[in-house]
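Examining the three-dimensional arrangement
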Amino acid sequence: GSALVVVRAQRFHSSTVETHVNDIYPLLKSLKEQGKSAVVLTVDGGPDWNVSYLANALFFYRLWRKLELDMLIICCYAAQYSAFNRIEHLWAPLSRRLAGVTFPANLEGDSMPPAKMSGLSQEEKETKEAKVFDNALEVLTNVHWKGVEFDGFVVSAKFVPCKERESQVFSGHEEAKVFMKAPIKEIERSTNSFRLREWKEMLRH
């Protein structure tokens, strides 16, 4: 079927299970409105997807609860079967489009990248760096990946501007990580009644 690729500059936006479920939510919401209420996600085994991490499991639970799905299954291929991973297959046509491509490291009118400019405040450097990344991401998604197809379906690509505050349905990743890393007895004695109730509900489901 069709594919959506969301691109962010790691310098400005982290990639976590929180960003992933926020990306997935509108897609699944649309399918839910069409009457589909059972979802299977095939993910890779990276740390921001792996369900053996309780913080990741919590965000998948929140996704399931928010969408009121009948069923949400998260699975991934074992390492020796990565050749069957559809996401890895998707990268092939995308990577081919970028063979030999370079992106400017400085803005038009500047003789050097922002990081090498003297006399700029940290905020000014960061603003220029954000613009450099935004320019590259815009060309990447709207030029190099425009019209690319995978298995006969058009691939949609969008980028998140570096300085843009992302709209979030789900948040609190750092707080969840800290909470989940505590010993079980400490979690059960937590004074955060909402977080404790949510944790118990997740385990029950």
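Provided above is the structure to which this section pertains.
This text gives an overview of the structure that appears in the document. (Residues numbered from 1 in each chain as written. Predicted model: local features only at pLDDT ≥ 70, side-chain atom pairs only at ≥ 80, totals over all residues. Heavy atoms only, no water.)

So, about the packing of aromatic side chains. In total, this model carries 7 aromatic pairs according to the counting rule given. Residues Trp 49 and Phe 60 carry aromatic rings whose centres are separated by 6.2 Å and whose planes lie at 15° to one another, so their mutual orientation is stacked. Here the residue Trp 49 occupies a position in the loop between β2 (38-43) and α2 (54-67), and Phe 60 occupies one in helix α2, the gap between them amounting to 11 residues. A relative accessible area of 16% places Trp 49 in the buried class. Residue Phe 60 is classed as buried on the basis of its relative accessible area, which comes to 3%. Every member of this aromatic cluster is reached through a ring pair, and the members are Tyr 77, Tyr 81 and Phe 84. The cationic tip of Arg 11 hangs over the ring face of Phe 12; the distance from NZ or CZ to the ring centre is 4.9 Å. (Phe/Tyr/Trp six-rings, centres within 6.5 Å; stacked < 30°, edge-to-face > 60°. Helix = DSSP H or I, 4+ residues; strand = E, 2+ residues; numbered from the N terminus. Buried < 20%, exposed > 50% of the residue type's maximum accessible area, 1.4 Å probe, protein only. Lys NZ or Arg CZ within 6 Å of the ring centre and 35° of its normal.)

With that settled, the discussion passes to the pattern of salt bridges. Taken as a whole, this structure holds 12 salt bridges when the rule is applied. In this structure, Arg 65 engages Glu 201 in a salt bridge whose closest nitrogen and oxygen atoms are separated by 3.8 Å. Of the two residues, Arg 65 is situated in helix α2 and Glu 201 in helix α7 (residues 193-204); the sequence distance between them amounts to 136 residues. Note on Arg 65: relative accessible area 33%, which makes it partly exposed. If you follow the salt bridges from partner to partner, you end up with Arg 62, Arg 65, Glu 175, Arg 195, Glu 198 and Glu 201 in one network. (Salt bridge = Lys/Arg side-chain N within 4 Å of Asp/Glu carboxyl O.)

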